[in-house]
Amino acid sequence: MKPFSFGKNERIKEKKLFEKLYTSGKISFSSNKKIKAVYFFVEDSNAVFPKVAVAVSKKAGNAFWRNRVKRLLREAYRLNKLPISSFCKEKKKRLFIILSPFLFNQKEHKTIGYIDVVPGVQEILSAIIRNEDK
RNA sequence: CGAUCAAGUUGGGCAAUUGCUCUCCGCUAUAGGCGGGGGGAGGAAAGUCCGAACUCCACAGAGCAAAGCGCCGGAUAACGUCCGGGCAUUAAUUUAUUAAUGACGGAAAGUACCACAGAAAAGAUACCUCCCCGGUGUAAAUCGGAGAAAGGGUGAAAUGGCAGGGUAAGAGCCUACCGCUCUAAAAGUAAUUUUAGAGGUUCCUUUAAAGGAAGUGGCGCUUUAGCGCCAUCAAGGCAAACCCCACUUGGAGAAAGGUCAAAUAGGAAAGUUCCACGCCACGGCGUGGCGAGGCUGCUCGCUUUGAUUAGCUUUCGGGUAGACCGAUCGAGGGUUGAAGUAAUUCAACUCCCAGACAAAUAAUUGCCGUGGCGCUUUUGGCGUCAUUACAAAAUUCGGCUUAUAGACUUGAUCGUCUU
RNA sequence: CGGAACGUAGCGCAGCCCGGUAGCGCACUACCUUGGGGUGGUAGGGGUCGCAGGUUCAAAUCCUGUCGUUCCGA
């Protein structure tokens, strides 16, 4: 596995998994309330890498803006996933995450860049590790 | 030269690293794996407003309903689109041209509506007024009768306009010009245009957009004179009110539709009910072996039992999850030539150019280009800042509509400077 | 991807079909009633009818375009 890849088997694609996450997952926010994450852990010694999805509400903006947010969130995860994947490897757990923007829409942030997103994602990923480690 | 507005064109390029997606080749050997080559958003991909392709369902034929469309001709697979022509409106000036815009058939087929004001809002009218006759009165005026609708007034709109004649006052009552209708000829495929000709009378009846008589004009018959037929100027607006006429349209949509098909439940069919042999009235019965249970510490032995509105096995059909197809080579793009005023069409050569499905085009950086500002300042060079708008395929095409930074082109308006 | 409805006063709605006056309830303001408040009564203010264009003498109403909101279909 390459260190910065983000292929199809690292994403959540099954509808049932989404339902399970939204009904029984834990929720955490970044400190500026811009980004929300829904996640839970499963004991599994075979598949060690986490699975991630990105979801944007239809009310946040138009199609162009939503696509842009999804790409930036994916990029942020891709470049910052090393600590969390190694954590999963140690604990022999499988992690599922859904990343979403929260209190973050097109009207207030018409043009957004990579820098607007990265700190929130880093913060959330480290928070997930901290909470599970306790 | 600058600013603003409107319309149109364009919607930066090359490279590196890390990633994503499709595809081809190779390796591993079947998994969303590894390596290499190649492709990878737009002018609107948007809104989903029209028209088609494609798919399934329905369908003898005709009509009605409903919806849409509407000057004429052409283009097209088709269109509410495009091109050309006509007409109308508006603007500008050159006053007959240019530009822009136009849901641009029918209001003498019928029904409805037209607030307020006004006599009257559409077959019937008369407030002020004009005029004549008669009565009263010195007169002003007023009453009764008859005529008129020119002028005033109301209104968005008042029953063709305008000028002259005419008259008691008026009136297409008469005349000229304009308008309108009809007929004929010419130009044009047609819409339409041009030219020529004709058409404005009086009276009567009557719940009345009618009818009759006379007159005038034309045509035909015929015998000078008559007979017959046709015409003899109003029709307010509104059809983006109902409607009439002409034309078009079967319905649903890729969540269309097709192929393969797990598990569970249910449906249909066949086989089987521990095995072998024998008997049989075909339901079973007997003997031996086999499995399971019981008696027992174990073996032998004895004994019970081997399920029938059911179970098991196999097959079939429908079909869910899921997978695959539909799916990207097409009314396709580019270049050149030909036809046509043009939309567009034809021919030759050439190219292959996204195909996902919780949904791929991203992040970071460099150079060039472009634009602004400053310095230097003839071409130019240097520094610095920005590289930004709108907005991302989802079956595919043809249009329409709307959104758009900067640059470029054209036009209009305003301002400044020079001549 | 396909389909439907709604935008009118601070809030909730009527008026639109069939065009001429924008109205109702709550809220708001003033006054009366009360010793004061509430209740009750009287009077009043407040609306570019989402936006733009068109038809018409006249548009919230008819037509076209556009913006926004909400809902439905696996």
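Now for a quick tour of the structure. Note that the structure is predicted; figures quoted are calculated from it, not measured.

Here we take up the nonpolar core. Counting 30 residues, the largest nonpolar core has I84, L95, I97 and I128 as its most contacted members. Looking at this core, the elements with two or more residues in it are β2 (35-43), β3 (51-54), α2 (63-79), α3 (82-91), β4 (93-101) and α4 (118-133).

Looking at RNA strand B, there are 23 residues lining it, with K8, I12, F64, R68 and R71 nearest. By atom count, sugar and phosphate contribute 65% of the portion of RNA strand B lying within 4 Å of the protein. Within the contact set of RNA strand B, a sugar or linking oxygen lies 2.6 Å away from a backbone nitrogen or oxygen of I12. R78 has a polar side-chain atom sitting 3.1 Å from a sugar or linking oxygen of RNA strand B. Per element, the largest residue contribution to the surface near RNA strand B is nine residues, and it comes from α2. For the surface near RNA strand B, the residue count by class is eight nonpolar, five polar and ten charged.

Rules and cut-offs
- Residues numbered from 1 in each chain as written.
- Chains lettered and ligands numbered in written order.
- Predicted model: local features only at pLDDT ≥ 70, side-chain atom pairs only at ≥ 80, totals over all residues.
- Heavy atoms only, no water.
- Core = buried A, V, L, I, M, F, W, Y, C linked by side-chain atoms within 4.5 Å.
- Buried < 20%, exposed > 50% of the residue type's maximum accessible area, 1.4 Å probe, protein only.
- Helix = DSSP H or I, 4+ residues; strand = E, 2+ residues; numbered from the N terminus.
- Near = heavy atom within 4 Å.
- Polar contact = N/O pair within 3.5 Å; in protein donor to acceptor, adjacent residues only side chain to side chain.
- Nonpolar A, V, L, I, M, F, W, Y, C, P; charged D, E, K, R; others polar.

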